[in-house]
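Chain by chain, the residues run as shown.
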Amino acid sequence: MTEYLLDTCIVLEILQGNEKTLLWLKELNGGDTISISGWTALELLKEKRSKQEMEVCLRNILAKSKLLWTKPEFCDEIPDLLIREGDKQRDNNLHVKRNFIFDCFIYKTAKSEGTILVTRDKGFKVFNDIEILFLQDNPRYKLENLGRV
Amino acid sequence: MKKSKKDNSGEVKLEVHLEGKDCNKNIISLDDLQNLIAGVNGLSKYVTRKKLGKDVKSRLDKEAKEICTLGVKDIKKGSAILEIEAYPDGQQKLNREVNSQSIMQDTISLINEFQEDENKIPLELGPYFDSLTKPLNKEKSNLSFSLYSAGVIVIKSEVLTTTSRNKVQKILARKRLEGGIMYGLLKEINLKDYSSKLQLFNKKLEKFYFDKDFWEKIRDLLQQKVEVRFEGKGYNKKMIDIKILSSFQEKQKMTVKDLLNSGVVGALKHRTDIKDSVEYSKKLADDLLK
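Residues numbered from 1 in each chain as written. Chains lettered and ligands numbered in written order. Predicted model: local features only at pLDDT ≥ 70, side-chain atom pairs only at ≥ 80, totals over all residues.

**Some details on the overall build of chain B**
Stage number 1. What chain B contains, in helices and strands, is nine helices and 11 strands.
Stage number 2. The long-range share in chain B, meaning contacts at least 24 apart out of those at least 6 apart in sequence, stands at 63%. (Helix = DSSP H or I, 4+ residues; strand = E, 2+ residues; numbered from the N terminus. Contact = placed C-beta atoms within 7 Å.)

In structure tokens form, the structure reads like this:
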């Protein structure tokens, strides 16, 4: 049994019924576990246009599964990570990109739970001490319309 | 009928054309009439609420009535035209943006939006469009609306046909998404209104209605820890399944199979505007920290 933590982009693709992402999901062992982090849930709740539907989807997911959060001792490492990697992740105003802060939390969640992180976001390539599955790197699951990945 | 003609736009008349239903014999059946009126009334009240910028329904009903009351004026035999007149009925101060004509005009625009793309229609309007299109139950039946002000046509709707019924089903399918599962102690069963109350872990009581036939299933579960599967939301939650739990164990991680069967796969299929999930998720993260 393998444990996977889905990044927000992958959850969105599943909700959209993306064929390539569902192909990956269906090819897993039926008993493999799938989790999402509390950070992803918070991000999804910011969705405005499909707010009600998103809430229902999250409720249905939560009925089956708990959310994963970063363990406190791993949270302590995040400021250091932001200082170390933050320089490469600045916006035009030289501020550390907000989404990078969330990437750090999701990465630390995967690390603290020992799960494989599944994403298409190449931003996660800066983290090299956990197993990350980049679906975009596999021609079988690659999405053609993903512009900047 | 009490009327106060304060609206400067003159007589506002909505003509509802229902065709292809052997109308020569039936004019408009009482069932169709009831559904058409419920649909138009519901949609126009929604438009009024949006125009007034108010979400409190009880307060709105009074104000809406004062601004725009609908009444059946005439039913023409032969061509099956239902005439509905819109007029202000009360002391509510009117303005250029919110008056009988503009409300009915926007109601027709809403019907046209529905006909163009049902995904643009808010879920709460599903039942009104359901009522409105129920008369379209014969192959060649069609429905259209024309708005007149002082005898001059203002706006005409697209023609709704039997395919419009399929659009409604899609909206209702989205609406059925509302719901989920709750866990708690079954504290009350009320056979007067076929409802039950579930005490959640925080001691809050949640009310669920259930079908009469459900009584057999629920009666022995009083004071038991249960899992309730339901549809709807707020005060309109309907229990669709209930099962006893041995304990409120900590939730486990979900399996791939659980996820595929959870009903969330493809739930946002209509969101074709999200082309790049990575960029979109970054935007959500950005919004969260703003």
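**Things to note about the sheet that holds strand 11 (residues 254–255) of chain B**
Stage number 1. Strand order across the open sheet formed by five strands is 4(A)-3(A)-1(A)-2(A)-11(B), with mixed pairing between neighbours. Strands with a single pairing partner mark the edges of an open sheet, and in this sheet they are strand 4 (132–134) of chain A together with strand 11 of chain B.
Stage number 2. In this structure, strand 3 (residues 116–119) of chain A lies alongside strand 4 of chain A, joined through three bridges in parallel fashion. Residue Val-118 of chain A lies in a different strand from strand 4 of chain A, and its bridge partner there is Leu-133 of chain A.
Stage number 3. Set on the sheet, helix 1 (residues 8–16) of chain A makes contact with strand 1 (3–6), strand 2 (33–36) and strand 3 of chain A; between it and strand 3 of chain A the angle comes to about 60°. (Pairing = 2+ DSSP bridges. Axes fitted to C-alpha atoms, helices over the stretch in contact; angles between N-to-C directions.)

**Focus on the environment of Leu-245 of chain B**
Stage number 1. When you line up the elements, Leu-245 of chain B lands in the loop between strand 10 (238–244) and strand 11.
Stage number 2. Not counting residues within four places of it along the chain, the set of residues in contact with Leu-245 of chain B comprises Tyr-183, Lys-225, Val-226 and Glu-227 of chain B.

**As for the interface of chain A and chain B**
Stage number 1. Facing 46 residues of chain A, the contacting portion of chain B comprises 41 residues.
Stage number 2. For the side of chain A that touches chain B, the secondary-structure elements that each account for two or more residues are helix 1, helix 2 (19–26), strand 2, helix 3 (38–44), helix 4 (51–64) and helix 7 (98–113) of chain A.
Stage number 3. The class makeup of the residues in the side of chain A that touches chain B is 18 nonpolar, 14 polar and 14 charged. (Nonpolar A, V, L, I, M, F, W, Y, C, P; charged D, E, K, R; others polar.)

**Some remarks on the packing of helix 2 (residues 30–52) of chain B against helix 5 (residues 126–133) of chain B**
Residue and element names in this part refer to chain B.
Stage number 1. As a packed pair, helix 2 and helix 5 sit with axes 7 Å apart at the nearest point and diverge in direction by 145°. With respect to the hand of their crossing, helix 2 and helix 5 are arranged in left-handed fashion. In this structure, helix 2 contributes Asn-35, Leu-36, Ala-38, Gly-39, Val-40, Gly-42 and Leu-43 to the contact, and helix 5 contributes Tyr-128, Phe-129, Ser-131 and Leu-132. (Left-handed = near helix turned anticlockwise from the far one by under 90°.)

**Focus: the pairing of strand 2 of chain A**
Stage number 1. Every second residue of strand 2 of chain A is oriented toward a common face, with Thr-33 and Ser-35 of chain A on one face and Ile-34 and Ile-36 of chain A on the other, all of them buried.
Stage number 2. Here strand 1 of chain A pairs with strand 2 of chain A via four bridges, running parallel. For Leu-6 of chain A, the partnering residue across the bridge sits in strand 2 of chain A and is Ile-36 of chain A.
Stage number 3. Alignment of strand 2 of chain A against strand 11 of chain B, held across two bridges, turns out to be antiparallel. Residue pairing across strands places Thr-33 of chain A opposite Thr-255 of chain B, the latter belonging to strand 11 of chain B. (Buried ≥ 20, exposed ≤ 12 C-beta atoms within 10 Å, placed from the backbone.)

**Some points on the environment of Leu-133 of chain A**
Residues and elements named next belong to chain A.
Stage number 1. Positionally, Leu-133 belongs in strand 4.
Stage number 2. Along the sequence, Leu-133 and Leu-6 sit 127 residues apart, while their C-alpha atoms lie 9.7 Å from each other.
Stage number 3. Not counting chain neighbours up to four residues away, the residues in contact with Leu-133 comprise Ile-116 and Val-118.

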